[in-house]
Amino acid sequence: MTTPPKSLRLDLDQPDDDSLVFTPAVVISGKTAPKVFVLISTDSNDKVIQSETNGSFSTVLNLDEGVNKITVVIFDPTGDSRSAQKTVYYSKEKIWGKL
């Protein structure tokens, strides 16, 4: 009897979707299967890391000013993949409301 393959999963913990940040970099972190490749990309930046033996991953990604659509894609050795997207808005200037 063969064991069915485990479902490949991707849980993207950080950053929050549609978040506004005032720093030029953001932490991308989450959890997936152990030792899989994680591709993190924006319009101007691509980065490949590998998840830890417990499946966690974390890296710092530089942002462009304005809208940053961040796509995270994982691949397992059989070629299966999963993806998740988050949007982060980066502003160099803090926007203050009227007091």
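Our subject is the structure that appears above.
**What to know about the overall build of the chain**
In terms of regular secondary structure, the chain is built from 0 helices and 8 strands. Counted from the first residue to the last, the chain has its helices and strands arranged as β-β-β-β-β-β-β-β. For the chain, with 99 residues in total, the buried portion stands at 35%. Looking at the chain alone, contacts between residues at least 24 apart form 54% of all its contacts between residues at least 6 apart.

**Side note on the nonpolar core**
General note: in soluble globular proteins, nonpolar side chains tend to be found buried as a group. By size, the foremost hydrophobic cluster in this structure holds 18 residues, and its most contacted members are I28, V38, I40, F57, L63, I70 and V72. Looking at this core, the elements with two or more residues in it are β1 (10–14), β3 (25–32), β4 (37–41), β6 (56–62), β7 (66–75) and β8 (81–90). A per-element tally of this core places β7 first, with 3 residues. Setting aside residues no more than four positions away along its own chain, V38 makes contact with T32, K47, V48, I49, S51, F57, V72, V73 and I74.

**Topic: the sheet that holds β4**
Read from one edge to the other, the open sheet built from 5 strands follows the order β2-β8-β7-β4-β5, with strand pairing classed as mixed. Bordering the open sheet on either side are β2 (19–21) and β5 (46–50), each of which pairs with just one other strand. Between one strand axis and the next, the sheet turns through 25° on average, direction left out of account.

**Details of the sheet that holds β6**
Reading across the sheet, the 3 strands line up as β1-β3-β6 and stay open at both edges, with antiparallel pairing between neighbours. Only two strands of the sheet have a single partner each, and these edge strands are β1 and β6. Averaged over neighbouring strand pairs, the angle between their axes works out to 25° when direction is ignored. Here 4 bridges tie β1 to β3, and the two strands are oriented antiparallel to one another. Along β3, the bridge assignment pairs Q14 with S29.

Thresholds, definitions, all that
- Residues numbered from 1 in each chain as written.
- Predicted model: local features only at pLDDT ≥ 70, side-chain atom pairs only at ≥ 80, totals over all residues.
- Heavy atoms only, no water.
- Helix = DSSP H or I, 4+ residues; strand = E, 2+ residues; numbered from the N terminus.
- Buried < 20%, exposed > 50% of the residue type's maximum accessible area, 1.4 Å probe, protein only.
- Contact = heavy atoms within 4.5 Å.
- Core = buried A, V, L, I, M, F, W, Y, C linked by side-chain atoms within 4.5 Å.
- Pairing = 2+ DSSP bridges.
- Axes fitted to C-alpha atoms, helices over the stretch in contact; angles between N-to-C directions.

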